[in-house]
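Coordinate inspection notes
These are the residues of each chain, in order.
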Amino acid sequence: MKNFCKKFCVLYFLGLVLFLAGCGDEPDKEFILYPDSGLAFGLFPNDYAKNDSSAANLAHGITLIVHPNATYQLSFDVDPNFEAPKLQLFRIFMSDNGEDLHAQPVRTLDPVVKNGRYIYSFVCEERENALWATSLIQNNTYYEGRVSNIRFTGEGAYSDHFSINLILVGNIEDELEEFTAKELATNLLAEYRKLYTSVTIDTLYINQAAEHPTLGKTYPANEPWIAGRSSDDIMVSELGGWPGLENALDITLVHFIDQEGILGYSNLFSANLGKGLGSTVVLGTHIKTPAGEEALDMQGIIETALHETGHFFGLRHTTATRADIETIFDDYDFGDYSNLEDGLEDTPSCNSLVATSLTKVQRTDFRINRLMPRIRIFANSSFKIEDCPDAGNYMFPLTVENKTLSFSKQQLAIIRQNLMIFPH
Ligand SMILES: [Zn+2]
């Protein structure tokens, strides 16, 4: 086991430093080469974006998000100039005092070579969702061969069914004008069932945050809840893992999100159908505008719910926005600019959107998993959103008027595959 660094690194792994001295915990065991990269990059399973920065850092250490009982394959192209490296895997975890990060060796793997690629297969035997890290070893040092076309895939052990728990936070019922919360829930469930065709949604429950058995008093039913203002946690994630519905997808419906133009948020590959951090998707019935606020129509709320749920299950935007990629730390941008689109063959992307600075939004929070918004642009611009070839895809990052949205076959396959990885 090795001491990594102080608490800051849990919030963001950039700048993570390994102490190379004093690592003699297991002197008689095999040679262990701890990651020394700072773990700025990482992969989640079944992501088809290029992830060139993760490939470049695999030997010195990237993170992998893993779930109990799932089977994973990490693969990349053979470099004929080097012998096959061993892959070492480490569990990254907090010390008991909550201040230090540790890396503990999990196992060392040899690859199988198939079609010119190294394939490393392993099962995650953790009891909970975990963060693992890598190193590639050759001749007792870091592998120096080229790592290209990296791919991390996973197969889960759980069902392809789930339920949704719609949590009304604050005075939602009073603030809705054109429809009731019940009507919204009915239409929401119908739309999920119509579009999420690769999985089965068993039930949609409605709950009032004010009636939560232990947290209810924090969420009075007679005033609007502003996510990011009424409490620090913009995702209201303490409401996730609702008592009695511990394994449902929790959607927190608030008055609005305290950031101009943001209709909803989910973490990318949130991957938590239980409780705690990453267990919620947040939506507003209203949107914060330059002039104040504006009510959304029912279709606007439903479309945002389906979009954010796509992120929850690991879908990227069809075209990345600058905010998706940019990762500033100490005035240096660590973003992986190879990930300009989702990498899927059956979703187009929009080059003109990549080129524009329209989609740069201010983030207020850094998390291990990146927050993925759905955005409405207020400013007039010569750039025509509706001309983007992916504007009709549910995972297009911006709202588009009068478009019927859909998911592609590959997107639906990823939703099912990742759902089955999440314990529920
Ligand atoms: Zn989004």
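Since the structure is predicted, the reported quantities are computational estimates derived from the model, not experimental observations. (Residues numbered from 1 in each chain as written. Predicted model: local features only at pLDDT ≥ 70, side-chain atom pairs only at ≥ 80, totals over all residues. Heavy atoms only, no water.)

On to the nonpolar core, then. Membership of the largest hydrophobic core comes to 85 residues, with the highest contact counts inside it found for Leu64, Val66, Phe122, Leu136, Tyr192 and Tyr196. Broken down by element, the residue count for this core peaks at seven residues, all from helix H4 (residues 181-195). Each of domain 1 (2-155) and domain 2 (161-346 + 369-419) contributes no fewer than three residues to this core. The residues contacting Leu136, other than those within four sequence positions of it, are Leu33, Leu58, Ala59, Phe76, Pro85, Lys86, Leu87, Tyr120, Thr141, Tyr142, Tyr143 and Val147. Ranked by size, the runner-up nonpolar core spans 19 residues in total, among them Ile167, Met235, Val236 and Ile262. (Core = buried A, V, L, I, M, F, W, Y, C linked by side-chain atoms within 4.5 Å. Buried < 20%, exposed > 50% of the residue type's maximum accessible area, 1.4 Å probe, protein only. Helix = DSSP H or I, 4+ residues; strand = E, 2+ residues; numbered from the N terminus. Domains from an automatic or database assignment. Contact = heavy atoms within 4.5 Å.)

Let us now look at the side chain of Thr347. Structurally, Thr347 is set in the loop between strand S22 (332-333) and helix H7 (351-355). At a separation of 2.8 Å, a polar atom in the side chain of Thr347 contacts the side chain of Asp342. (Polar contact = N/O pair within 3.5 Å; in protein donor to acceptor, adjacent residues only side chain to side chain.)

As a further point, take the sheet that holds strand S8 (residues 117-123). Read across the open sheet, the four strands follow the order S7-S8-S4-S11; overall the sheet is antiparallel. Only two strands of the sheet have a single neighbouring strand rather than two, namely strand S7 (112-114) and strand S11 (151-155). Pairwise comparison of adjacent strand axes, ignoring direction, gives a mean angle of 25° for this sheet. Both S7 and S8 contribute to a ladder of three bridges, which runs antiparallel. Bridge pairing in S8 links Val112 to Ile119. (Pairing = 2+ DSSP bridges. Axes fitted to C-alpha atoms, helices over the stretch in contact; angles between N-to-C directions.)

Turning our attention to the confidence of the model for the chain. For the chain, per-residue confidence averages 87 on the pLDDT scale, and residues scoring 70 or more make up 86% of the total. Low pLDDT, under 50, characterises residues 4-25; the stretch is placed with 60 contacts to residues that sit more than four places away or in other chains. Here residues 360-369 scores under 50 on pLDDT; set against residues more than four positions off or in separate chains, the count is 29 contacts. (pLDDT = per-residue confidence, 0-100.)

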